[in-house]
Amino acid sequence: MSTAQIAFLKGHGTENDFVIIPDHDGLVELSPAAVARLCDRRAGLGADGVLRVVRSAAHPEARAMADEAEWFMDYRNSDGTVAEMCGNGVRVFARYLQRAGLTGAGDLAVATRAGVRRVHIAKESAGGDVTVSMGKVLLPGGDVTVTVGDRSWPAHNVNMGNPHAVLFVDDLADAGNLYTAPLVTPAAAYPEGTNVEFVVDRGPRHVAMRVHERGSGETRSCGTGACAVMVATARRDGADPALTGVPVSYTVDVPGGRLVIGESPDGSVEMTGPAVIVAEGAFDASWLGTALG
Ligand SMILES: N[C@@H](CCC[C@H](N)C(=O)O)C(=O)O
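Per an unreviewed UniProt entry, the chain carries the name Diaminopimelate epimerase and comes from Streptomyces blastmyceticus. Taken directly from UniProt, the Pathway (unreviewed entry) text for the chain runs: "Amino-acid biosynthesis; L-lysine biosynthesis via DAP pathway; DL-2,6-diaminopimelate from LL-2,6-diaminopimelate: step 1/1."

Listed below in structure tokens is the structure:
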């Protein structure tokens, strides 16, 4: 007896890894339990998150963006929760579209829950970097504190379409075990929870970070997190492109690689980094307990 097969690909951006589900017509119903099963590193395919590739016109959350962006990135965290945006994910999403012949090198627009993002795929076919216009940073302000064990640090509340608490430490080991979420207070600063980034200096305009991702635990990289880190570091360094009219650029090292991030005088943030597809295959829909619509 044959069962329906669901195609998937596996990819990563600076080792923030994703299961990609091409579902162009929006027929695959991905419950939170199904996402958690896909992302399970022992009993599933293993990933920090899922990127479902759906035509914007076929998804209720993206229909209004369909004229601007043909494809919608339906991003889920590994625990099955939904997030507004994924910076590494959108580069990998663009790489999938290129590999599938659905876009070429050059520019394309991708719909996300945080709005449309512009992506540029560099020409060197499979290996080139991908650059994403990540939208404008928001700095909600207010005092935020992050606590790990008996140590606490002041943190910056930075929103890149999704929430981040960014703090500076002497040593990345100070973050301890980031598989469990650090305590962030006041809770009211982040009604939907937050990602937390720990940052150390590496040199002029060069930092390194570790991250606890909301809904995924410690990951090897977080693109939106690296952008939040870049902005928080620039402000700490007294650089604000909106005030000076001068763009700034930082190198942000993550455990899984390196990202280059710039901020323009209009507050928009641009990130460049790798995006790699490593495998593709198929699994039985029955394994996922997924209903095909
Ligand atoms: N890995 C991502 C961020 C994914 C979403 C995040 N965990 C959240 O819940 O906001 C990135 O590269 O930006």
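Participant: I'd like a rundown of the overall build of the chain, residues and numbers included.
Facilitator: Counting its regular elements, the chain contains 5 helices and 18 strands. Taken over the C-alpha trace, the chain has a radius of gyration of 19 Å; the compact-globule value for 293 residues is 19 Å, and the two agree within 12%. Each principal axis of the C-alpha atoms in the chain carries an extent, and together these give about 65 × 40 × 30 Å. The proportion of buried residues among the 293 residues of the chain is 54%. Contacts in the chain between residues at least 24 apart in sequence constitute 63% of all its contacts with a sequence separation of at least 6. Summing over all exposed atoms, the chain offers an accessible surface of approximately 12,200 Å²; the carbon and sulfur share of this is 52%. Here the chain carries 25 positive and 35 negative side-chain charges, and the mean point of each set is 2 Å from the other.

Participant: Can you lay out the site of the ligand for me, pointing to particular residues and giving the numbers?
Facilitator: Lining the immediate surroundings of the ligand are 15 residues, of which Asn16, Gly87, Arg214, Gly223 and Thr224 lie closest. One nitrogen or oxygen atom from the main chain of Gly87 is found 2.8 Å from an oxygen atom belonging to the ligand. A distance of 2.6 Å separates an oxygen atom of the ligand from a polar atom in the backbone of Gly223. Sorting the residues of the shell around the ligand by element identifies strand 4 (71–77), helix 2 (87–99) and helix 3 (223–236) as the ones contributing at least two each. For the shell around the ligand, the class distribution of residues is 5 nonpolar, 8 polar and 2 charged. Each of domain 1 (5–129 + 276–291) and domain 2 (144–273) gives at least three residues to the shell around the ligand.

Participant: Which residues make up the pairing of strand 8 (residues 144–148), and what values do they have?
Facilitator: With 5 bridges connecting them, strand 8 and strand 9 (residues 151–159) associate as antiparallel partners. When the sheet's bridge partners are listed, Thr145 is paired in strand 9 with Pro154. In this antiparallel pair of consecutive strands, strand 8 and strand 9, the connection spans 2 residues, and Gly149 shows a positive phi of 60°. As defined by bridge partners, strand 8 adjoins strand 11 (residues 183–185) across 3 bridges and the pair is classed as antiparallel. When the bridges of strand 11 are listed, Thr147 appears paired with Leu183.

Participant: Describe the pattern of salt bridges, and please don't skip the residues or the numbers.
Facilitator: For the structure shown, the criterion picks out 20 salt bridges. Salt-bridge contacts for Arg76 lead to Asp74; the nearest nitrogen and oxygen are separated by 2.8 Å. The salt bridge involving Asp74 is made with Arg113; its shortest N-O contact spans 2.6 Å. Highlighted residues: Asp74 in strand 4 and Arg113 in the loop between strand 5 (106–112) and strand 6 (115–121), separated in sequence by 39 residues. Residue Asp74 is classed as buried on the basis of its relative accessible area, which comes to 0%. Judged by relative accessible area, which is 21%, Arg113 ranks as partly exposed.

Participant: Go over the UniProt feature "binding site: substrate" (unreviewed entry) in the chain, please, and point to the residues and values.
Facilitator: If you check UniProt for "binding site: substrate" (unreviewed entry), the listed places come out as Asn16, Asn77, Gly87, Asn88, Asn162, Asn195, Glu213, Arg214, Gly223 and Thr224 in our numbering. Looking at the secondary structure, you find Asn195 in strand 12 (residues 195–203). Among residues more than four places away in sequence, those in contact with Asn195 are Asn162, Pro163, His164, Ala165, His212, Glu213 and Arg214. With respect to the element layout, Arg214 can be found in the loop between strand 13 (206–213) and strand 14 (217–219). Setting aside its immediate chain neighbours within four residues, Arg214 contacts Asn77, Ala83, Glu84, Asn162, Pro163, Glu192, Gly193, Thr194 and Asn195.

Participant: Requested: an account of the environment of Val248, with residues and values cited.
Facilitator: Mapped onto the elements of the fold, Val248 is located in strand 15 (residues 248–254). Separated by 17 residues in the primary sequence, Val248 and Pro265 place their C-alpha atoms 8.8 Å from one another. Apart from residues no more than four positions distant in its own chain, Val248 is found in contact with Arg205, Met230, Ala234, Ala239, Pro241, Ile261, Gly262 and Glu263.

Participant: Outline helix 2, listing residues and values.
Facilitator: The end-to-end C-alpha distance of helix 2 is 19 Å, a good match for the 18 Å that 13 residues give at a rise of 1.5 Å each. In terms of burial, helix 2 is largely enclosed, as 12 of its 13 residues are buried. Within the sequence span of helix 2, burial applies to Gly87, Asn88, Gly89, Val90, Arg91, Val92, Phe93, Ala94, Arg95, Tyr96, Leu97 and Gln98.

Participant: Describe the nonpolar core, naming the residues involved and giving the relevant values.
Facilitator: Among the nonpolar cores identified, the biggest contains 52 residues, and Met73, Val119 and Ile261 are the most heavily contacted of them. In terms of residue count, the dominant contributor to this core is helix 3 (8 residues). Counting the residues that make up this core, at least three belong to each of domain 1 (5–129 + 276–291) and domain 2 (144–273). Discounting residues that sit within four places of it in the chain, Met73 has contacts with Leu51, Arg52, Met85, Cys86, Gly89, Val90, Phe93, Val110, Ala111 and Thr112. Membership of the second largest hydrophobic core comes to 16 residues, among which are Val144, Val169, Tyr190 and Val200.

Rules and cut-offs
Per chain, residue numbering runs from 1 following the sequence as it is written. Since the coordinates come from a predicted model, pLDDT governs what is reported: local features require at least 70, and pairs of side-chain atoms require 80 or more to be given and counted, while whole-chain, interface and lining totals use all residues. Hydrogens and water are ignored here; the side-chain numbers use all heavy atoms of the structure. UniProt positions are given in the numbering used here, feature names are shortened, and annotations may be inferred rather than shown by experiment. Going along the chain from the N terminus, every DSSP run of H or I of four or more residues is numbered as a helix, and every run of E of two or more is numbered as a strand. With the radius of gyration taken over C-alpha atoms, the globule rule is written as 2.2 Å times the number of residues to the power 0.38. Three exposure classes are used, based on accessible area relative to the maximum for each residue type with a 1.4 Å probe and protein chains only: buried under 20%, partly exposed in between, and exposed over 50%. It only takes one pair of heavy atoms within 4.5 Å for two residues to be counted as in contact. All accessible-area figures derive from a Shrake-Rupley calculation using a 1.4 Å probe, and residue coverage is judged against the displayed protein chains alone. We score Asp and Glu as negative and Lys and Arg as positive, and we do not count His or the chain ends. Charge placement uses NZ in Lys and CZ in Arg. For Asp and Glu, CG and CD serve respectively. In this text, near means that some heavy atom of the residue lies within 4 Å of the molecule or strand in question. Pairing of N or O atoms within 3.5 Å defines a polar contact, subject to two protein rules: one partner must be a possible hydrogen donor and the other a possible acceptor, and residues neighboring in sequence count only if both atoms are side-chain atoms. Note on residue classes: Ala, Val, Leu, Ile, Met, Phe, Trp, Tyr, Cys and Pro are nonpolar, Asp, Glu, Lys and Arg are charged, and everything else, Gly too, is polar. All the domain ranges listed were derived from an automatic or database domain assignment. One bridge is not enough; two strands pair if DSSP finds at least two bridges between them. What makes a salt bridge here is a side-chain nitrogen of Lys or Arg within 4 Å of a carboxyl oxygen of Asp or Glu, nothing more. Every helix has an expected span of 1.5 Å times one less than the residues it contains. Residues belong to a common nonpolar core when they are buried Ala, Val, Leu, Ile, Met, Phe, Trp, Tyr or Cys residues joined through side-chain atoms within 4.5 Å.

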